[in-house]
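Read off the chains here:
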Amino acid sequence: MSSIELKQQQIATTMRLAPVIPVVVIDDVRAAVPMARALVAGGIPTIEVTLRTPAALEAIRAIAAEVEGAVVGCGTALTARDLQAALQAGARFAVSPGTSPRLLDAADDSELPLLPGVATASEAMALLERGYRHLKFFPAVPAGGFKLLGAWASPLPQIRFCPTGGISLSSAPDFLALPNVLCVGGSWLTPADKLAAGDWAGVELLAREAAGLRRAD
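What you see is a predicted model; the values in this text were computed from it and never measured. (Residues numbered from 1 in each chain as written. Predicted model: local features only at pLDDT ≥ 70, side-chain atom pairs only at ≥ 80, totals over all residues. Heavy atoms only, no water.)

**So, the pattern of salt bridges**
Consideration 1: Tallying each qualifying case throughout the model produces 6 salt bridges.
Consideration 2: Put simply, E58 and R61 hold a salt bridge, and the shortest N to O gap is 2.5 Å. In this pair, E58 and R61 both sit in helix α3 (residues 56–66), 3 residues apart, roughly one turn of the helix.
Consideration 3: Judged by its relative accessible area of 43%, E58 falls in the partly exposed class. (Salt bridge = Lys/Arg side-chain N within 4 Å of Asp/Glu carboxyl O. Helix = DSSP H or I, 4+ residues; strand = E, 2+ residues; numbered from the N terminus. Buried < 20%, exposed > 50% of the residue type's maximum accessible area, 1.4 Å probe, protein only.)

**Looking at α3**
Consideration 1: Of the residues making up α3, those classed as buried are A56, A59, I60, A62 and I63. Viewed along the axis of α3, the buried residues span an arc of 165°, placing them on a single side of the element.
Consideration 2: In this structure, the buried side of α3 is in contact with α2 (32–41), β2 (46–50), β3 (71–75) and α4 (80–89). (Arc of directions from axis to C-beta. Contact = heavy atoms within 4.5 Å.)

**Focus: the pairing of strand β7 (residues 134–137)**
Consideration 1: Side chains H134 and K136 of β7 all project onto a buried face; the interleaved residues L135 and F137 project onto the opposite face, where all are buried too.
Consideration 2: Relative to β7, strand β6 (residues 117–118) is paired through 2 bridges, and the arrangement is parallel. By the bridge assignment, G117 is partnered in β7 with K136.
Consideration 3: Running through helix α6 (residues 121–129), the crossover from β6 to the neighbouring parallel element β7 is right-handed. (Pairing = 2+ DSSP bridges. Right-handed = clockwise from strand over helix to strand, strands pointing away.)

**Description of the packing of α3 against α4**
Consideration 1: Direction vectors running N to C along α3 and α4 enclose 30°, while the axes themselves pass 8 Å from each other. Touching L57, I60, R61 and A64 of α3 are A85, A86, Q88 and A89, all from α4. (Axes fitted to C-alpha atoms, helices over the stretch in contact; angles between N-to-C directions.)

**Some points on the pairing of β2**
The side chains of a regular strand alternate, first on one face of the sheet and then on the other.
Consideration 1: The element β2 is extensively covered by neighbouring structure, given that 5 of its 5 residues are classed as buried.
Consideration 2: Burial along β2 is two-sided: T46, E48 and T50 and I47 and V49, pointing in opposite directions, are all buried.
Consideration 3: In this sheet, β2 lies alongside strand β1 (residues 20–24) in parallel orientation, the contact comprising 2 bridges. The partner of V24 across the bridge, within β2, is V49.
Consideration 4: A crossover links β1 with its parallel partner β2, the connecting element being α2, and its sense is right-handed.
Consideration 5: Here β2 pairs with β3 via 5 bridges, running parallel. Paired with T46 across the two strands is V71, which belongs to β3.
Consideration 6: Taken together, β2, α3 and β3 constitute a β-α-β crossover, and its handedness is right-handed.

**Quick word on unusual backbone geometry**
Consideration 1: Cis geometry is found at the peptide bond from F138 to P139, where omega equals -10°.
Consideration 2: Tracing the chain through its elements places P139 in the loop between β7 and α7 (140–143).
Consideration 3: Unusually for a residue other than glycine, T76 sits at a positive phi of about 55°.
Consideration 4: By the element assignment, T76 lies in the loop between β3 and α4.

Take a look at the structure:
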C-alpha cells in the first residue's frame with residue numbers, strides 16, 4: 001500500500017467516527033480541553049481546530065495530550081509549515097479549504113493525513129489523479145449545496161466527501177442522505193458565545209444532537 005493510500009485510509013476512518021466534524025475557532029486555549037471533553041461526551045470524538053488564531057496550535061496540543069477519546073486535527077492548513085506544526089502539536093489529520101501544488105507536495109512528504117478542499121468537479125478530478133478519494137466540499141452551501149454534490153455521485157463514484165460551509169443541524173440531513181457523503185463539517189456545535197461563557201453542558205447537548213444524525217451508509 002502506498003503512502004497516499006494509507007493516509008487516505010486513515011482519513012476515511014476519521015470521517016466515519018461521527019456524522020459531524022466540529023469546525024472550531026479557539027481564541028482562548030483554556031477553553032480547548034473542557035470543550036473537547038464536552039464534544040467527546042456528546043458522542044463527537046473528531047475535532048477540527050482551525051489554524052485561524054494564535055491559540056490554535058496550543059489548543060491542539062492540549063486536546064491531544066489531555067482528552068481521552070478525542071481525535072484532534074487542524075483546519076485551514078495552507079502551507080507545509082502548517083502541516084509540520086500541526087503534526088508536532090499532536091494533530092492526527094489536517095484539513096485545507098482548497099489545494100495548491102506546494103501544499104499537495106508537502107502533504108506527500110508529511111505523515112499527517114490531509115483532507116483537501118474542492119469546490120468543482122475539475123478540482124476533484126485533479127485530486128483523484130493524485131490518489132485522493134476523500135475530499136472536503138467547500139464552501140458547501142455557497143458552492144451549490146447538496147444538489148450539486150449529489151450530481152457528482154454518478155460521474156465520480158470513487159470519491160467520498162465531507163461537505164463544510166454553511167451547514168446547520170437542520171440542513172445536515174440533506175447532505176448525509178447522499179451516497180457520496182461520509183460526514184459533514186459544522187461550526188454550530190461550538191458557537192463562540194458558548195465557548196466564551198464556558199457553557200460546556202450546552203456544547204455537549206449540541207454534540208448529542210449532531211451525533212444522532214444518520215448517514216446514508
